[in-house]
Amino acid sequence: MLKSLKSYDDLVAMRTLCEEKLKLDKVKVYICMTGCRALGAEEVYGEFKRQLDEQNLKDKVEIIETGCQGLCARAPVITIDPPGVFYGRVTVDIVPEIISSTVVNDQVINKLCYVEAGKRIPYLKDIPFYSKQKKVVLRNCGIIDPNNIEQYIARKGYESIAKALFSFTPEDIINEVKDSGLRGRGGAGFPTGTKWEFCRKAKGDTKYIICNADEGDPGAFMDRAVLEGDPHAVIEGMLVAAFAIGSGKGFIYVRAEYPIAINHLERAIAQARQLNLLGDNILGSGFNFDLEIKKGAGAFVCGEETALIASIEGKRGMPRPRPPFPANSGLWGKPTNINNVETLANIPIIILNGSESYKQYGTKNGTGTKIFALAGKVKNTGLVEVPMGTTLREIIFDIGGGIPGRRQFKAAQMGGPSGGCVPAEHLDLPIDYETVKEVGAIMGSGGLIVMDSDTSMVEIAKYFMGFCHDESCGKCVPCRIGTKRMLETLTKINGGNGLKDDIEDLKEMAYVTQTASLCGLGQTAPNPVLSTIRYFMNEYEELIK
Amino acid sequence: MEKVKLTINGKTYETEQGKTVLEVARENNISIPTLCYDKRLDPYGGCRICLVEVEGARQLVTSCTAMVGEGMVVNTESEKVIRTRKGVLEYILSDHPLDCMTCEATGCCELQDLAYTMDIKGIDYRSGEKIGGVIPDRNELIYRETGKCIRCGRCVRICGEVQQDYAIEFGGRGFKMWVATPFGESLLDGSCVLCGQCVSTCPTAALFEKKAMGKGRSFQVKKVRSTCGYCSIGCQIDIHTNHNGIIKITSEVGAVPNNGNLCMKGRFAYDFVNHPDRLDTPMIRVNGNLEKASWEDAYDFISKKLKDIKSKYGSDSISFISSGRCTNEENYLMQKFARAVIGTNNIDQSETECHAPTLTGLRNSLGFGTTTNSIEEISKSDVIFVIGANITEAHPIIGLEVKKAVRNGSTLIVADTRRIWLSKIAKTYLNLQPGTDAYLINALMNVIIKEKLYDEKFIEGKTEGFKELEKAVAKDEPKEAEGLCGIPEETIKDAARIFANAKRATILYGNGITQHSFGIDNVNSLVNLALLTGNIGKEGAGINPLLGQNNGQGAFSMGAVPGFYSDYQPVSDRAVRKKFEEIYKVSLPKNKGLQIREMFNNAYKGKVKAMYVMGADVLMSEPDTTRVKKALENLELLIVQDIFMSNTAQYADVILPAACFAEKDGTFTNIERRVQRVRKTVSPPGEAKADWKIISELATCMDYPMDYNSPETIWEEIRTVSQNFAGINYKRIENVGIQWPCPDTNHPGTKFLYEEEFGNGKARFSATEVKSSHEKTDKNYPFILSTGRTLYHFNSGTMTHRTKGSVQKQPYSFVEISQEDADDVGIKDEEMVRITTRRGQITLSANITNRVMPKQIWIPFHFVSAQANLLTIGSCNATHSKGNSSLMPEYKICAARVEKLQ
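Residues numbered from 1 in each chain as written. Chains lettered and ligands numbered in written order. Predicted model: local features only at pLDDT ≥ 70, side-chain atom pairs only at ≥ 80, totals over all residues. Heavy atoms only, no water.

*Asks:* So what exactly am I meant to see when it comes to the overall build of chain B here?
*Replies:* Assigned secondary structure in chain B consists of 27 helices and 38 strands. Against the compact-globule benchmark of 29 Å for 902 residues, chain B has a radius of gyration of 28 Å, which places it among compact chains. Across the 902 residues that make up chain B, the buried fraction comes to 66%. In chain B, 72% of the contacts between residues at least 6 apart in sequence involve partners at least 24 apart. Within the structure as shown, chain B displays about 32100 Å² of accessible surface, and the carbon and sulfur contribution to it stands at 49%. (Helix = DSSP H or I, 4+ residues; strand = E, 2+ residues; numbered from the N terminus. Rg over C-alpha atoms; globule rule 2.2 N^0.38 Å. Buried < 20%, exposed > 50% of the residue type's maximum accessible area, 1.4 Å probe, protein only. Contact = heavy atoms within 4.5 Å. Areas by Shrake-Rupley, 256 points an atom, 1.4 Å probe, with all protein chains shown as cover.)

*Asks:* How should the pairing of strand β37 (residues 856-860) of chain B be read in this particular structure?
*Replies:* For a regular strand, side chains alternate in direction, first toward one face of the sheet and then toward the other. Residue and element names in this part refer to chain B. Among the five residues that make up β37, five are buried, leaving the element largely enclosed by the rest of the structure. Judged from the five bridges that link them, strand β33 (residues 783-788) and β37 form a sheet pairing that is parallel. Residue pairing in the sheet places Ser-786 in a bridge with Trp-858 of β37. In terms of strand pairing, strand β34 (residues 814-817) meets β37 through two bridges, oriented antiparallel. The partner of Ile-817 across the bridge, within β37, is Ile-857. (Pairing = 2+ DSSP bridges.)

*Asks:* Sorry if this is basic, but what is going on with the nonpolar core here?
*Replies:* A general tendency of soluble globular proteins is for nonpolar side chains to be buried together. Phe337(B) and Phe385(B) are the most contacted members of the largest nonpolar core, which has 169 residues in total. No other element matches helix α12 (residues 437-450) of chain B, which puts ten residues into this core. Split by domain, this core shows at least three residues from each of two domains, domain 2 (283-354 + 551-739) and domain 3 (375-533) of chain B. The residues touching Phe337(B), leaving out its near neighbours within four places in the chain, are Leu306(B), Phe320(B), Ile342(B), Tyr612(B), Ile695(B), Leu698(B), Ala699(B), Met702(B) and Met706(B). With 88 residues, the next largest nonpolar core counts Leu506(A), Ala510(A), Ala525(A) and Ile49(B) among its residues. (Core = buried A, V, L, I, M, F, W, Y, C linked by side-chain atoms within 4.5 Å. Domains from an automatic or database assignment.)

*Asks:* Looking at this structure, how should I read the domain arrangement of chain A?
*Replies:* When the parts come together, some accessible area is lost, and that loss is often what is quoted as the size of the interface. Residue and element names in this part refer to chain A. Looking at chain A, the domain boundaries give domain 1 (25-131), domain 2 (157-358), domain 3 (369-452) and domain 4 (457-544). Computed from C-alpha atoms alone, the centre-to-centre distance between domain 3 and domain 4 is 22 Å. Listed by partner, the interface residues are 17 residues for domain 3 and 15 residues for domain 4. Across the domain 3/domain 4 interface, buried area totals approximately 1200 Å², and carbon plus sulfur atoms make up 66% of it. Three residues, Lys-410, Pro-417 and Cys-421, lead the burial of domain 3 against domain 4; their summed loss comes to 44% of the area buried on that side. Remark: the boundary between domain 3 and domain 4 carries one salt bridge. The salt bridge partner of Lys-410 is Glu-539, with a shortest N-O separation of 2.5 Å. Mapped onto the side of domain 3 that touches domain 4, the elements with two or more residues apiece are β13 (409-414), β14 (420-423) and β15 (447-452). Considered class by class, the residues forming the side of domain 3 that touches domain 4 number seven nonpolar, seven polar and three charged. (Buried area = accessible area lost by both parts, 1.4 Å probe. Salt bridge = Lys/Arg side-chain N within 4 Å of Asp/Glu carboxyl O. Nonpolar A, V, L, I, M, F, W, Y, C, P; charged D, E, K, R; others polar.)

*Asks:* What is the right way to read the pattern of salt bridges from this model?
*Replies:* Side chains bearing opposite charge may pair, as long as their charged atoms lie close to each other. Applying the stated criterion across every chain yields a total of 87 salt bridges over all chains. Ionic pairing is found between Glu305(A) and Lys195(A), a salt bridge with its closest N-O pair at 2.6 Å. Here Lys195(A) lies in helix α8 (residues 192-201) and Glu305(A) lies in helix α12 (residues 305-312), a separation of 110 residues in the sequence. Residue Glu899(B) pairs with Arg897(B) through a salt bridge whose shortest N-O separation is 3.6 Å. A relative accessible area of 26% means that Glu899(B) is categorised as partly exposed. Residues joined by salt bridges that share partners form a network here, namely Lys195(A), Glu304(A), Glu305(A) and Arg322(A).

*Asks:* Where do I start with the side chain of Asn331(B) in this structure?
*Replies:* Residue and element names in this part refer to chain B. Along the chain, Asn-331 turns up in helix α8 (residues 328-342). On the basis of relative accessibility, which here comes to 0%, the residue Asn-331 falls in the buried class. In contact with Asn-331, not counting residues within four places along its chain, are Ser-322, Ser-323, Cys-326, Asn-551, Ala-555, Met-558 and Ala-560.

*Asks:* How should the interface of chain A and chain B be read in this particular structure?
*Replies:* Each partner contributes residues to the interface: chain A has 33 residues there, and chain B has 34 residues. Summed over both partners, the interface of chain A with chain B comes to about 2900 Å²; 54% of that surface belongs to carbon and sulfur atoms. Ranking the residues of chain A by area buried against chain B places Arg316(A), Arg480(A) and Arg485(A) at the top, with a combined share of 21%. Taken together, the links from chain A to chain B amount to three salt bridges. Notably, a salt bridge pairs Glu508(A) with Arg83(B), separated by 2.8 Å at the nearest N-O pair. The interface formed by chain A and chain B contains 20 residue pairs in polar contact (both at pLDDT 80 or more). Of all elements in the fold, only α16 (457-471), α17 (477-494) and α18 (502-516) of chain A reach the threshold of two or more residues within the side of chain A that touches chain B. Take the side of chain A that touches chain B: its biggest share by element is nine residues, from α18(A). Broken down by class, the residue content of the side of chain A that touches chain B amounts to 13 nonpolar, ten polar and ten charged. (Polar contact = N/O pair within 3.5 Å; in protein donor to acceptor, adjacent residues only side chain to side chain.)

*Asks:* So what exactly am I meant to see when it comes to the packing of aromatic side chains here?
*Replies:* Given two aromatic rings, their pairing is described by the distance between the two centres and the angle made by the two planes. Applying the stated rule across the entire model yields 36 aromatic pairs over all chains. Their ring planes at 85 degrees and their centres at 5.7 Å tell us that Phe243(A) and Phe287(A) sit as a pair that is edge-to-face. Of this pair, Phe243(A) sits in helix α10 (residues 231-245) while Phe287(A) sits in the loop between α11 (259-274) and β9 (290-296), and the two are 44 residues apart along the sequence. For the pair Phe243(A) and Phe287(A), a shared accessibility class is recorded, and that class is buried. A centroid spacing of 6.4 Å and a plane angle of 85 degrees characterise the contact between Phe458(B) and Phe758(B), whose relative ring orientation is edge-to-face. Placement of Phe458(B) in helix α13 (residues 456-462) and of Phe758(B) in the loop between β31 (738-739) and β32 (763-764) is noted, with a sequence separation of 300 residues between them. Exposure remark for Phe458(B): the relative accessible area of 9% places this residue in the buried category. What links up through ring pairs into an aromatic cluster is the set Phe368(B), Phe458(B), Phe564(B), Tyr568(B), Trp715(B), Phe725(B), Trp740(B), Tyr754(B) and Phe758(B). Taking NZ or CZ as reference, Lys609(B) lies 4.8 Å from the ring centre of Tyr313(B), over its face. One cation-aromatic arrangement involves Lys630(B) over Tyr604(B); the distance from NZ or CZ to the ring centre is 5.8 Å. (Phe/Tyr/Trp six-rings, centres within 6.5 Å; stacked < 30°, edge-to-face > 60°. Lys NZ or Arg CZ within 6 Å of the ring centre and 35° of its normal.)

*Asks:* Can you walk me through the sheet that holds strand β6 (residues 134-135) of chain B in this structure?
*Replies:* The strands that make up a sheet are held in pairs by hydrogen bonds between backbone atoms, and each pair lies either parallel or antiparallel. Residue and element names in this part refer to chain B. If you trace the three strands from one edge of the open sheet to the other, you get β6-β7-β10, paired in antiparallel fashion. Looking at which strands have only one partner, the edges of the open sheet turn out to be β6 and β10 (207-209). Strand direction decides the pairing type here: strand β7 (residues 142-145) and β10, joined by three bridges, are antiparallel. In the sheet register, Ile-142 faces β10, and the bridge partner there is Glu-209.

*Asks:* Explanation requested: the pairing of strand β36 (residues 841-848) of chain B in the structure shown.
*Replies:* All names here are of chain B. As defined by bridge partners, β34 adjoins β36 across four bridges and the pair is classed as parallel. In the sheet register, Ile-817 faces β36, and the bridge partner there is Ile-848. Hairpin connection between strand β35 (residues 832-837) and β36: a loop of three residues separates the two successive antiparallel strands.

*Asks:* What am I meant to see in the sheet that holds strand β4 (residues 85-87) of chain A here?
*Replies:* All names here are of chain A. Ordered by their spatial adjacency, four strands build an open sheet running β2-β1-β3-β4, and the pairing between neighbours is mixed. Single-partner strands in this sheet number two, and they are β2 (61-66) and β4. When the angles between neighbouring strand axes are averaged without regard to direction, this sheet yields 20 degrees. The pairing of strand β1 (residues 27-32) with strand β3 (residues 78-81) spans four bridges and is classified as antiparallel. By the bridge assignment for β3, Lys-28 is matched with Asp-81. Across the sheet, helix α2 (residues 41-54) lies against β1, β2 and β3, angled at about 165 degrees from β2, the strand it touches most. In the packing of helix α3 (residues 95-105) onto the sheet, contacts are made with β1, β2, β3 and β4, and the angle to β3 comes to roughly 40 degrees. (Axes fitted to C-alpha atoms, helices over the stretch in contact; angles between N-to-C directions.)

Here you go:
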């Protein structure tokens, strides 16, 4: 049972204790127990535990169940420190050898090491996938045990909210966030501080804050990784936001398909409550705030703010026209601020180190870093965090290790079903909100799907249109019927039954759907079609011939 | 409201902030098409047809949701708008059967009209999959076909937002979205009340009136505006007819007072009009049997008999029962017949059995014995106090107003012995014990006075008798009321504070207040409460009795009561009588006539010899049926003028077949004092005639010529003798009814009473001593029985039992009983039980529910098969009437026994 923290001093004292615990002179085995579970991480973990027990090594070795370590292509992955080696494709059979060689004797097992250009790279710090990233939001992810609040606190966790509560006014916080240049990481890129300010200024005694964790783009798993790997960062971000806005109640709207994230959040919330970091009179400051988890029922459109609000209210998750914006009339008609997971996870670092420090990364239009979920035809699929302004080439080739086999890079699909395909000619484009838009895609939430020369772009367009068609809520005509008709036409073309007029028809349907749809889902649903027509018209024409 | 200027299509308009672009455009005759828009609903923005271009906006905006702003520049017809609008419409048509040639909605289909005006010719490239088909549903009223559904959500929204029944909701999503019922069941099985509001708002034929199908398109049928003949709200209806009769009833959005809303009865329960059971020829009893007769024979028979009885026993041996179901003109004629032709003040009607205490109580305290405020004001009240009124069933459209108000933030307090629907959305529900209303109200006032929450200025300036009230309620502590009413002390205090602190609080009460032997005390207490808090004489406030019958209000105000001529002019007033004698050209009786209750008592005793009953099934509606039957049997002459062979008619010596509301012209006065037109739409069956015609002809036959050639000529006479109606004529109420008082033709009518002053100068508190007088329960009769209305039937049921839907939804009677009691008695849901009281017994089906509290049972009074009034108490406690003609039987409470039928 954790002891309630009654003051800032209590928090400082606890941190000192937690730091001591972490510093204990033990070999640490970090096992990803989230995404890597899909390929047997639990069994590996079990075996480690059993072996250490048997070999009486418990006092010398500590196993840390972590969140995502990033290099999902090598799952299940573990890191052993010292000596700081990174192993992938770990199996149960090899655990005894890892213990005897690496854990006990600092010896590297070659076959488990990451290989690039035929060269083994045993140490994590030397692997380009890691060394070329800049982990700000993911600073704890893969390093701490997300189910242990002590480890978060040891790494300056909850210092930001303490700082906010005792040294800042809500207006100071809003200004700091505005100064940081942080923009919404959910896709639209709206300045976060300004959004908070709207809600702060909205009339009303009761205000709500919602964390949008309804991540749904195909191939995107940034938010899941953050929630699973560092849930307290999100909770702390919400606390700061709540303080800034003047909210006493928050909701985390997380999709039910993320059971590990929900589980970790539940535990994190329970621990934070025990420590009086959630609840009444937080850290003795007089500030009250508590959180509730709401599970989404599997509708992509509930990532849209107004649909998400309807869903929390118990209604059918359908968007409504704005204004009124949620900042003025949101959940149950009260002023409501909604931020995405990654946005909120940025907050503690901004408050902790100040906006100036935060701005050292990124571009003028896009400060800080961005997490991408690298997927598709790329060697190092996984979770990547880079400063804004990094080029696609750096992400895909330097960090991602390039295209497997002998095939060529063809395009990168950015921004999920709302985004577009960026062709090879734009590989050196420094990525930020505006530049990506210019080339017909969007930054989106961070999904990045790599396509090689074998990929059919019409097929891709059809896939995404199918996705939007399935996920359309049905409320507005252009999205409900438009996605259906466009999907029908794309299916026809892809099946070799296309007619010459079909492309013009597609363009007109895209125009109507974009122009007339109620929410972002319909308004952007034609993007993959339009961007593939723009860059890969030849592929359409070949199919229609 | 702040003014803003905006430009639409290059022209500048000034308007008020808070309006939508669509509203302003339509006000200025700029046409913007819509499909998902209905004024009654929250803007939805789903169909995307009303998109317009607003300068500076990132996207096209839906004009139904966009609020006007200063300097806004709007283009409703730009190339972009037209291109997009057309595209969207083509999308809709691409998923539509396009079978207009056989579609029921052709001619009244919003989609068809839009496709026509937008000049859509052929939809070539969108010839993909179409979805949906006819949904089989065994309900008899509402047809559902998803293929024609454009998913505008109007049905779903009207069901949720307006009706708040939530019987339908969108199921599935995207292209496969459809309007669903829970688990795909029939509308009969869920929370649907078959109001057909969904049908009324459907822009296509995806929802349609089953009974109207195949009977003619909108352009082939006749449509006549009239006033609904069921409850007292006076909903404006459009009756659609073909050569065979009525095919459907609709209402227009914007119509006053119902704004296009109708309940199940108003919309669907018209089958009785054309029913083969209708009386279509006069009948005279010959040798014990009723035989068909000509009108001449019937008139001669009646005339001779009445004359005989009058000369033998005197005028006062004859009694007249007029009808809250008939028009103002007919009620006026009936009282004129009684007074001028026969020479008796023995004229009354069955609304008296519901609201005599209202007439007396409100009149004595305030000036007029009627509703103070209007229906539309309910939504302007901060606090609504509903007591003894199951509004959502007995007055469904007022129920919608209450629901709307609560949805928009008003606070609702409900006091009822049953857990009625409104208790679900009430902030405070006062679940009181039967017959303890006055205790409760006095306790509320006790708190308000003790905590000084009353309106001192109002009391000082506009009332008298406050000191007496203060004294009277001082002892009615909420703590004591807790024991009597069964409501926690704190809840009573809370309710008192909520009510007293409201800027505008309205009281809505029904028969639960009045139908007690001490109903007058209940009414007086409520008046006191309203006065105490200054809630009389202002908008959104008032004290509003919910009269039961369509023209109960008119029956009272037209003089179909023993003590008053029309416009509540007392018969005891010599000057008044003189005025009427001059106009009626006969001398008029000055003695006090009999109230309906006394008529039956006197008939029972043999003192009343003849009775003329128009439009009332007294054998069903009067308490203690056995005694009433005896009274009827005692009569030497019973004349029944009705549309069906009712229970009462079976005892008649002469039957006169009458026209129903759809078959005659005239006016009804609704609950809010609004005089509204009733129009002849179809012809009466056979030889049946309008009541006004029958009365006129009979009077003429009895040597008192009444040569009215139309109801309008009768109304003109009413105007001349009734000051508060003088300003109302047929021309003025052609489109919208006018609320009396309306003294001259320039007067707009009166929305709410007593804005300037009270009828008697000052309003009077009437301190009431609360009493308990109801029949006590004992070992043999351990339950308290109460009776009342349901949504699907009306009064004695002669109309609704001959109507599809009503019967399907509620085919037989039932008794509501708690689970606890059902277990004690050993009965299961829907098992047959026998209910016995000290007066009689009936058998019916058990309905186990938590709507009633333990030791209480409740029965609807609509069923001939289980006549609730065989059980009720007929005698009135005259000591409570204080001689002020509010004799009221103890309808609502009697002791009863429940037994399982072996």
